[in-house]
Amino acid sequence: MATNNAHKLSEIRRIIGDRMDVLSLSDIGCHDEIPETGDTLEENALIKARWIKEKYGYDCFADDTGLEVEALGGAPGVYSARYAGEHCTPADNVAKMLREMKDVPCGKRNACFRTVIALIRGGVTTLVDGKVDGVITTEVSGTDGFGYDPIFRPEGSDITFAEMDADSKNAISHRGRATRKLIEVLGL
């Protein structure tokens, strides 16, 4: 998997289980800063997967994930990881989101998380995706998960992703849905 994000890697490995070994960039000796210069999640996932295929020769997959908030015109979207600035922390992003949304009424806080996975295998490129609808909460709640999980409550739930255990989150999350599609494509 073309990532150095330990949280993403852990989620993917947990979902895939013992069906296959998932190696990270550090596992293959890659310490490159892969540029994410695409304008879409699809483009960024493809950039990362192609980088590894071209420079290291491995068939691989890469994901890009974005939080799309209706009241913010779909922002932060492809810029979710750096919403509060180029060298921000996840806590900075959450704080900025809460500031941006402070005057948005409860009925207008709709959002979705989307994950796109690009797979390069045997010279064939395949894209799969996963999406989960929900709302942005008015305050941080929960300590599990990462990123925007403490302020994202998925549709049909009364708790945030950060309040869920890993298996419950993975069962309904954007990354879980995309990874299950990847598993189907791989025939695992």
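One can find the structure itself at the top, above this paragraph.
This one's a predicted model, so the numbers in the text were calculated from it and none came from an experiment. (Residues numbered from 1 in each chain as written. Predicted model: local features only at pLDDT ≥ 70, side-chain atom pairs only at ≥ 80, totals over all residues. Heavy atoms only, no water.)

A. Broad picture of the pairing of strand 3 (residues 110-121). Of all 12 residues in strand 3, 10 are buried; the element is thus mostly enclosed. Bridge count between strand 1 (residues 60-69) and strand 3: 10 bridges; the pairing is antiparallel. Residue pairing in the sheet places E68 in a bridge with C112 of strand 3. Linking strand 3 back to strand 4 (residues 124-136) in an antiparallel pair, the connection comprises two residues, with G122 at a positive phi of about 60°. (Buried < 20%, exposed > 50% of the residue type's maximum accessible area, 1.4 Å probe, protein only. Helix = DSSP H or I, 4+ residues; strand = E, 2+ residues; numbered from the N terminus. Pairing = 2+ DSSP bridges.)

B. Here's a closer look at helix 5 (residues 174-186). The end-to-end C-alpha distance of helix 5, which contains 13 residues, comes to 18 Å, matching closely the 18 Å that a straight helix rising 1.5 Å per residue would cover. Taken together, the buried positions of helix 5 are occupied by H174, R175, G176, A178, T179, L182, I183 and L186. For helix 5, the secondary structure elements touched by its buried residues are helix 1 (6-16), strand 1, strand 3, strand 4 and helix 4 (166-172). Backbone geometry just downstream of helix 5 places G187 in the positive-phi region, at approximately 70°. (Expected span 1.5 Å × (residues − 1). Contact = heavy atoms within 4.5 Å.)

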